[in-house]
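Examination of the molecular architecture
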Amino acid sequence: MKSGMLHEVIDSEGEKYLLDELLGKGGEGSVFAVHGKPALAAKVFHKNPPAPETVAKLQAMVASRNPGLDGIAAWPRALLYSSHTGEACGVLTPRVRDARHLHELYGTAARRRFFPQARWFHLVLAARNVAAAFDALHESGILIGDVNQGNLLIDETMRVRFIDCDSFQVRSGAQTYYCPVGTPHFTPPELHGVKLRDASRTQDHDRFGLAILLFHLLFVGRHPFAGRLFGDRDQTIERAIAERRFAFSKDRTATLMEPPPASLRLDDLPPAIEKLFERAFRQPDGVANRPTAQEWIQQLDALLAERKGCSFDPTHLYYSRLSQCPWCRIEDEGGPAFFVLDGSSSIISPQRIEHLEAQLYRLKFPAFPQLSPQSFKVPQAIAPKRLQSYGQPTVADLAAVAFAGSAVACLASPASPLALAVGALGSLASGAALMLNKSAIAKRQESGELADGLLAAQNDLNRKSRAITAAHAKRQASFDQATAELKTEVSHYRAADGQLKDVLALFRMTQLNRFLTNYLISEHASEIPGMTPALASVLQSYGVESPLDVTQMNLFAVPMLHDGLTLELFAWRDRVSRQFVFKPEHGVNFSDADAGGKAAVQRFKVTQARRILMASHHLDSLAAASRNQLERELTFFDRSADSARELAKNLRAAQSARRPLERIINQSPWMIAASTLAGPAAGALAYWLFG
Amino acid sequence: MNKFFADSTYDGSFGAVEFAENPEPRVPCVLIVDTSTSMHGPRIGELNKGLKVYRDELLCDALAAKRVEVAVVTFGGRVTRKVDFVTATNFQPPTLEVVGGTPMGAAINTALDMIEERRQQYRENGIAYYRPWAFLITDGEPNDQWQPVAARIRAGEQRKAFSFFAVGVKGANMEILQKLSARKPLWLQGMKFAELFRWLSNSQQAVSRSSPGDEVPLVDPTQGPDGWAFV
Ligand SMILES: Nc1ncnc2c1ncn2[C@@H]1O[C@H](COP(=O)(O)OP(=O)(O)OP(=O)(O)O)[C@@H](O)[C@H]1O
Ligand SMILES: [Mg+2]
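Residues numbered from 1 in each chain as written. Chains lettered and ligands numbered in written order. Predicted model: local features only at pLDDT ≥ 70, side-chain atom pairs only at ≥ 80, totals over all residues. Heavy atoms only, no water.

An unreviewed UniProt entry annotates chain B as von Willebrand factor type A domain protein originating from Lacipirellula limnantheis.

Per an unreviewed UniProt entry, chain A is named Protein kinase domain protein, and its organism is Lacipirellula limnantheis.

Listed below in structure tokens is the structure:
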């Protein structure tokens, strides 16, 4: 504003300059064209007058000007003074014409507009030239200091020139003038939090900024430290820089980041360049070994020589040793077409469509893994073996025999009541022996526990098999749905030639429904006069949740809904529907379809084909994931079944080792008690009947 | 319905293209604009002009134009997502019309939801971003529940999830704005919407050049010839 009033300035010789239109404005000054001198520009500082230190620095810079510097920078030519006060107020520099900021080359939208002819080759060339400009300055002992995307201008031939040279760090005799400013996204970790005004910069600092600039160029605008984070963290670029989290690095276990979608990958570049980037961005503290400008020039020159054109799309250029065109890969994954022909937004070569067609033709719908009921084998208890000989009879065995003997004695009761008494005593004694003897108890318990364990294991296995079957059925249902949807999409693709408009209408319908289903009454109650949260949840319980559910039929079912609210609901539904805007997913809208051009159909088909291919990948991985999941679950089941089988075996072994008589009587305390009473009771009965 | 496509491709690729074509770090700003009937006449007219000034100012700065993202939520009778987040380059200032009451609470909620959704998209697409702005302009008072929103604003400010600004046009209930906003709400001088939006654009340009996380000192809007506010 103040500078706007300042029309005339003079240099130290007293020559007058009239300021013309504003070329640009920054944090430190405004830059003007100079009237009648198209090759010059005048930067007028906001701070007026500038600090004496600034004036001294500029004087030193003017004095050190040479043709080499003029070739790569808008190097200061003279100090400018206010013609009123005679005080220094700015600096005269060459004007860089027909050039734009670097970010207007690597930014895709701006590139389409300002550099429509540019291909990746041009970006690599620009990168090479940026490195060369850094190299030239470094060779002259000058440091850039504030490396950023706005301090370099680039023209159509990819020639680069530095502007804003007054912030450079320069030496004059014993005096070093520092660079007081910095741009955080380009600042190396060791300078974070440092007061730049008093910081002596080094070439290694500049080389960090250089690598960031080069990365932006080669990766079409991506910042090396912006990527997808593992886990739910938030992180600024500065922090990522400080923690060496280079998002494209190979060492993801260290960075815990991965590159963003639809971007070039580090291994799309020659291995030598890969290494340079890793070195530049992951340099540990205390080392100063970032790649020099010279190293970059060498490798970028090599890359320029080793480029290859894509066979499908003439705008795609890439490193020739790659087996596949990375730009096609990005497009096929749903990314943008970064490079275009002649500024038109999409030109589709016939080969590209053919290639996609061929891929679609080969499209196979993956099979979903089958699950048969035979997969679940639940082990059963096995009958004990009859052994030829058993070991030494134990107390339990003797007691069991005594039991049998007592029972016989009891049954002899009609012949002699004494036998009954002896039998009853024997029965009681052997029962007590069985009940109390340690080894008898141990035998009983061992078998009992094994039997219980087996039963529990069987129940568990049955439960597991039901759960696995249910989960599998659920996965299958969603897989089947996905397959059906994919088939519909394929049919849309096929239909496009004939009825693009109908197909678009279908897409619109789908989008509208999606829009409406997500527009919940409960969240938008305030838009419906008379609606309360309580009413909204009543409606919800009757399945009326979104405008899509607002139909006569549905509302009929809701008790006590008064007519006023019903009308409001309908009015609301209409309002919400009107809010919906169709987003053409294929860059093709109804008017394109109306125009009926072949181009519209082609554009539609290419995008649709990509959608389908992507979805089919997804389907493949869904099937694969389900297969893995099922395998995991079945192995898990089998492992449980194995341990149940082990139980059954142990049970059988334990049972087989026992004499059958003991095994039957010494099953459980109940059995023993029953047997103890049964003999005498039967004897008593027999005595009463026959005695 | 068509869930599979919705999840796997449609939403994903749509965002991916947008962000791949322009991976610059973003400065998101959602304008929450009162379009109830009290805003009728010259007010809404000046506000509409202000939106155009805002766009034009942002477009003058090539870098800010790629970084500042604008969304507009209006509340007049009902809450409408008038403009979903777009970069300044693609921002078409809408022509707002007035109608109905002042559901301010719901509007703020919608705006904060939008910020949350956008943040998620940034994360998924590896886009760095600055602290989002929510900028409320009103000349009245809420006719809906606003207390829960006040709590949400306070919590969000504390987590530095966004910065919430409130500007009252003559007639606004400053007491409620005071309770809503952690920052002191400002009165608009007369109908200086153009100055307001110029200030907004300048502040966001400054932010878009700072480092995310830094507090950028904002120019005091109550001072100087370009001032537009008073307290
Ligand atoms: N020599 C020049 N020729 C043409 N345009 C120029 C020249 N120098 C500067 N400009 C334009 O003016 C703008 C501001 O210039 P410059 O970067 O020197 O100012 P600054 O105040 O130092 O900015 P910053 O604070 O961003 O470093 C530049 O972005 C550029 O568009
Ligand atoms: Mg500068």
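The computed volume of the second largest pocket comes to approximately 520 Å³. Asp234(A), Gln235(A), Thr236(A), Arg119(B) and Tyr129(B) are the residues nearest the centre of the second largest pocket, which is lined by 26 residues in total. The set of elements that each furnish at least two residues to the lining of the second largest pocket consists of α8 (237-242) of chain A together with α4 (104-124) of chain B. For the lining of the second largest pocket, the element with the highest residue contribution is α4(B), accounting for three residues. Across the lining of the second largest pocket, the residue classes tally to 13 nonpolar, five polar and eight charged. (1 Å grid on protein atoms, 1.4 Å probe; cavity = no way out; pocket = protein on both sides within 12 Å on 5 of 7 lines; lining within 4 Å. Points joined across faces, edges and corners; volume = space filled by probe spheres on them. Helix = DSSP H or I, 4+ residues; strand = E, 2+ residues; numbered from the N terminus. Nonpolar A, V, L, I, M, F, W, Y, C, P; charged D, E, K, R; others polar.)

For the structure on display, the rule yields 36 aromatic pairs over all chains. Between Trp327(A) and Phe338(A), the aromatic rings sit 5.7 Å apart at their centres with planes inclined by 75 degrees, giving edge-to-face as the arrangement. Taken together, the residues Trp327(A) in helix α12 (residues 326-332) and Phe338(A) in the loop between α12 and α13 (350-361) connect sequence positions 11 residues apart. Assigned by exposure class, Trp327(A) and Phe338(A) land together as buried. Note on Tyr54(B) and Phe91(B): the rings are 6.4 Å apart at their centroids and 75 degrees apart in plane angle, and the pair reads as edge-to-face. In this pair, Tyr54(B) sits in helix α2 (residues 42-59) while Phe91(B) sits in the loop between β3 (78-87) and α4, placing the two residues 37 residues apart along the sequence. (Phe/Tyr/Trp six-rings, centres within 6.5 Å; stacked < 30°, edge-to-face > 60°. Buried < 20%, exposed > 50% of the residue type's maximum accessible area, 1.4 Å probe, protein only.)

On the chain A side, the residues contacting the 40 residues of chain B number 52 residues. Summed over both sides, the interface between chain B and chain A buries roughly 3800 Å², with carbon and sulfur atoms accounting for 58% of that surface. Our count for the contact surface shared by chain B and chain A stands at one salt bridge. The closest approach of N and O atoms between Arg112(A) and Glu21(B), which form a salt bridge, is 2.8 Å. On the surface where chain B and chain A come into contact, there are five residue pairs in polar contact (both at pLDDT 80 or more). Elements represented by at least two residues in the side of chain B that touches chain A include exactly α1 (3-21), α3 (62-67), β3 and α4 of chain B. Considering every element that reaches the side of chain B that touches chain A, the biggest residue donor is α1(B), with 14 residues. Taken together, the residues of the side of chain B that touches chain A sort by class into 21 nonpolar, nine polar and 10 charged. (Contact = heavy atoms within 4.5 Å. Buried area = accessible area lost by both parts, 1.4 Å probe. Salt bridge = Lys/Arg side-chain N within 4 Å of Asp/Glu carboxyl O. Polar contact = N/O pair within 3.5 Å; in protein donor to acceptor, adjacent residues only side chain to side chain.)

What follows deals with empty space enclosed by the protein. Counted by the stated rule, this structure contains six cavities of 30 Å³ or more. The calculated volume of the largest cavity comes to roughly 110 Å³. Forming the walls of the largest cavity are 14 residues, and the residues nearest its centre are His216(A), His223(A), Pro23(B), Glu24(B) and Pro25(B). In terms of residue class, the lining of the largest cavity is built from six nonpolar, five polar and three charged. There is about 90 Å³ of room inside the second largest cavity. Around the second largest cavity, the lining is made up of 14 residues, and of these Gly145(A), Phe186(A), Thr187(A), Pro188(A) and Arg201(A) lie nearest the centre. Looking at the lining of the second largest cavity residue by residue, the classes come out as five nonpolar, six polar and three charged.

A few words now on the coordination of the magnesium ion (ligand 2). Residue and element names in this part refer to chain A. Bound to the magnesium ion (ligand 2) are the protein donor atoms Glu28 (OE), Asp164 (OD) and Asp164 (OD), situated 2.0 to 2.8 Å from the metal. With Glu28 in the loop between β2 (16-25) and β3 (29-34) and Asp164 in the loop between β9 (160-162) and β10 (170-172), this pair connects stretches of sequence that are 136 residues apart. By relative accessible area, Glu28 is classed as partly exposed at 30%. (Donors = N, O, S within 2.8 Å, 3.2 Å for Na, K, Ca; no water.)

Now for the pattern of salt bridges. Where side chains of opposite charge bring their charged atoms close, a pairing between them can arise. Using the criterion set out here, one finds 42 salt bridges over all chains in the structure. The closest approach of N and O atoms between Arg290(A) and Asp204(A), which form a salt bridge, is 3.3 Å. Note that Arg290(A) is positioned in the loop between α10 (271-281) and α11 (293-305) and Asp204(A) in helix α7 (residues 203-218), a separation of 86 residues in sequence. On the accessibility criterion, Asp204(A) (7% relative accessible area) is buried. Ionic pairing is found between Glu295(A) and Arg279(A), a salt bridge with its closest N-O pair at 3.0 Å. One end of the pair, Glu295(A), is in helix α11; the other, Arg279(A), is in helix α10, and 16 residues separate them in sequence. Through salt bridges with shared partners, a single network forms among Glu18(B), Arg26(B), Glu69(B) and Arg118(B).

Bringing the side chain of Glu157(B) into the picture now. Mapped onto the elements, Glu157(B) comes out in helix α5 (residues 147-158). Each residue touching Glu157(B), except ones within four places of it in the same chain, is listed here: Phe162(B), Ser163(B), Phe164(B), Ala182(B) and Arg183(B).

Residues Leu685(A), Trp688(A), Leu689(A) and Phe690(A) make up a contiguous nonpolar surface patch of roughly 540 Å² in combined accessible area. Examined against the element boundaries, Leu689(A) turns out to sit in helix α23 (residues 669-690). (Patch = residues over 30% accessible without salt bridge, like charges linked within 9 Å, V, L, I, M, F, W, Y side chains within 5 Å. Areas by Shrake-Rupley, 256 points an atom, 1.4 Å probe, with all protein chains shown as cover.)

Attention now goes to the site of ligand 1. Residue and element names in this part refer to chain A. As a structural note, the neighbourhood of ligand 1 is formed by 16 residues, with Gly27, Glu28, Gly29, Lys43 and Asp164 the closest of them. Asp164 is positioned with one of its side-chain polar atoms (N or O) 2.8 Å from an oxygen atom of ligand 1. With the chains in place, 84% of the 620 Å² that ligand 1 exposes on its own is no longer accessible. Taken together, the residues of the shell around ligand 1 sort by class into five nonpolar, six polar and five charged. (Near = heavy atom within 4 Å.)

For helix α16 (residues 438-517) of chain A, with 80 residues, the first-to-last C-alpha span of 72 Å runs short of the 118 Å given by 1.5 Å per residue. Of all the bends in α16(A), the greatest measures close to 130 degrees and is centred on Gln499(A). (Expected span 1.5 Å × (residues − 1). Bend = angle between axes of the 7 residues up to and from the residue.)

Across the junction of Asn48(A) and Pro49(A), the peptide omega takes the value -5 degrees, indicating a cis bond. Here Pro49(A) lies in the loop between β4 (37-45) and α2 (52-63).

Residues and elements named next belong to chain A. The strand order around the closed barrel formed by six strands is β1-β2-β3-β4-β6-β5, and the pairing between neighbours is antiparallel. The sheet shows a mean angle of 45 degrees between the axes of neighbouring strands, taken without regard to direction. For strand β1 (residues 8-11) and strand β5 (residues 78-82), the ladder comprises three bridges, and the chain directions are antiparallel. Residue pairing across strands places Ile10 opposite Tyr81, the latter belonging to β5. Against the sheet, α2 touches β4, β5 and β6 (88-94), its axis set at about 140 degrees to β5. (Pairing = 2+ DSSP bridges. Axes fitted to C-alpha atoms, helices over the stretch in contact; angles between N-to-C directions.)

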